[in-house]
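Examining the three-dimensional arrangement
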Amino acid sequence: MITFQLIGSCEAVTAPSDVRDFLTAHLAPADRIEHVTATAGASADRIDLVFFTLADTEAEALLTARGACLRALDRAPGLIAWRLSGGATGDGPGIH
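Residues numbered from 1 in each chain as written. Predicted model: local features only at pLDDT ≥ 70, side-chain atom pairs only at ≥ 80, totals over all residues. Heavy atoms only, no water.

A few points about the packing of aromatic side chains
To keep it simple, the criterion reads: Any two of the Phe, Tyr and Trp rings considered here, Trp counted by its six-membered ring, make a pair once their centres fall within 6.5 Å; the pair's planes then place it as stacked at under 30 degrees, edge-to-face at over 60, or tilted in between. Numbering goes from the N terminus for both helices and strands, where a helix is a DSSP run of H or I of at least four residues and a strand is a run of E of at least two. Only protein chains enter the accessibility calculation, which uses a 1.4 Å probe; a residue whose area is less than 20% of its type maximum is buried, one above 50% is exposed, and one in between is partly exposed.
Under the definition given, this model contains 1 aromatic pair. The interplanar angle of 70° and the centroid separation of 5.9 Å between the aromatic rings of Phe4 and Phe51 together place this pair among those described as edge-to-face. Of the two residues, Phe4 sits in strand β1 (residues 2-8) while Phe51 sits in strand β3 (residues 46-53), which places them 47 residues apart along the sequence. Phe4 gets classed as buried once you look at its relative accessible area, which sits at 7%.

A word on the sheet that holds β1
Hydrogen bonds between backbone atoms are what pair the strands of a sheet, whose relative direction is either parallel or antiparallel. Rule in force here: At least two bridges found by DSSP between two strands are what make those strands a pair. What counts as an axis is a line fitted to C-alpha atoms, over the stretch in contact for a helix, and the angles between N-to-C directions run from 0 to 180 degrees. The contact rule is simple, with two residues in contact once any of their heavy atoms fall within 4.5 Å.
Across the sheet, 4 strands lie side by side as β2-β3-β1-β4; this open sheet has antiparallel pairing. Looking at strand neighbours, the two that pair on one side only are β2 (33-40) and β4 (82-84), the edges of this open sheet. Within this sheet the neighbouring strands show an average axis-to-axis angle of 25°, counted without direction. The sheet contact formed by β1 and β4 spans 3 bridges and is antiparallel. Across the sheet, Gly8 pairs through a bridge with Trp82, a residue of β4. This element, helix α2 (residues 58-75), spans β1, β2, β3 and β4 of the sheet and lies at about 30° to β1.

Observations concerning the environment of Pro16
Checked against the element boundaries, Pro16 lands in the loop between β1 and α1 (19-24). Relative accessible area serves as the criterion here: at 22%, Pro16 is assigned to the partly exposed category. Separated by 62 residues in the primary sequence, Pro16 and Gly78 have C-alpha atoms spaced 7.2 Å apart.

Things to note about the confidence of the model for the chain
Note the cut-off: Confidence scores labelled pLDDT are given residue by residue by the predictor and lie between 0 and 100.
Confidence in the prediction of the chain, expressed as mean pLDDT, is 84, and 88% of residues score 70 or more. Of all secondary-structure elements in the chain, the lowest mean pLDDT belongs to α1, at 90, while α2 reaches the highest, 94.

Comments concerning the pairing of β3
With 6 bridges joining them, β1 and β3 adopt antiparallel strand pairing. Of the residues in β3, the one forming a bridge with Phe4 is Leu49. Examined bridge by bridge, β2 and β3 share 7 bridges and lie antiparallel to one another. What sits directly across from Ala40, in β3, is Ile47.

Here's the deal with the nonpolar core
The nonpolar side chains of a soluble globular protein tend to be buried with one another. Cut-off, in case you're wondering: Within this scheme, the nonpolar core is defined by two criteria: the residues are buried Ala, Val, Leu, Ile, Met, Phe, Trp, Tyr or Cys, and they are joined through side-chain atoms within 4.5 Å.
Core analysis: the biggest nonpolar cluster contains 22 residues, and Leu6, Leu23, Leu49, Phe51, Cys69, Leu73 and Leu79 have the highest contact counts within it. Of all the elements in the fold, those that place two or more residues in this core are β1, α1, β2, β3, α2 and β4. The greatest single-element share of this core, amounting to 7 residues, is contributed by α2. Among residues more than four places away in sequence, those in contact with Phe51 are Met1, Ile2, Phe4, Leu23, Ile33, His35, Val36, Ala65 and Cys69.

Given below as structure tokens:
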């Protein structure tokens, strides 16, 4: 289980209702991600993500989930105003 948090790029942004769909649409079979949950965070400009993976190690799970998340941020127009929090070892789309 790997957790990340998405942060809205401005205070006026609110979490889209279909974040999970945006993420799962960009998963590849090679990612070996079984399930993704996405819930609104404590404030409107936060989304909490949980990835359940079949990775052999925690490091592999972290890298795979992060890569899948960044792919979705790069490709899903509905997530254009969002980025991974700094604790995810990456500041957002475009970092592969």
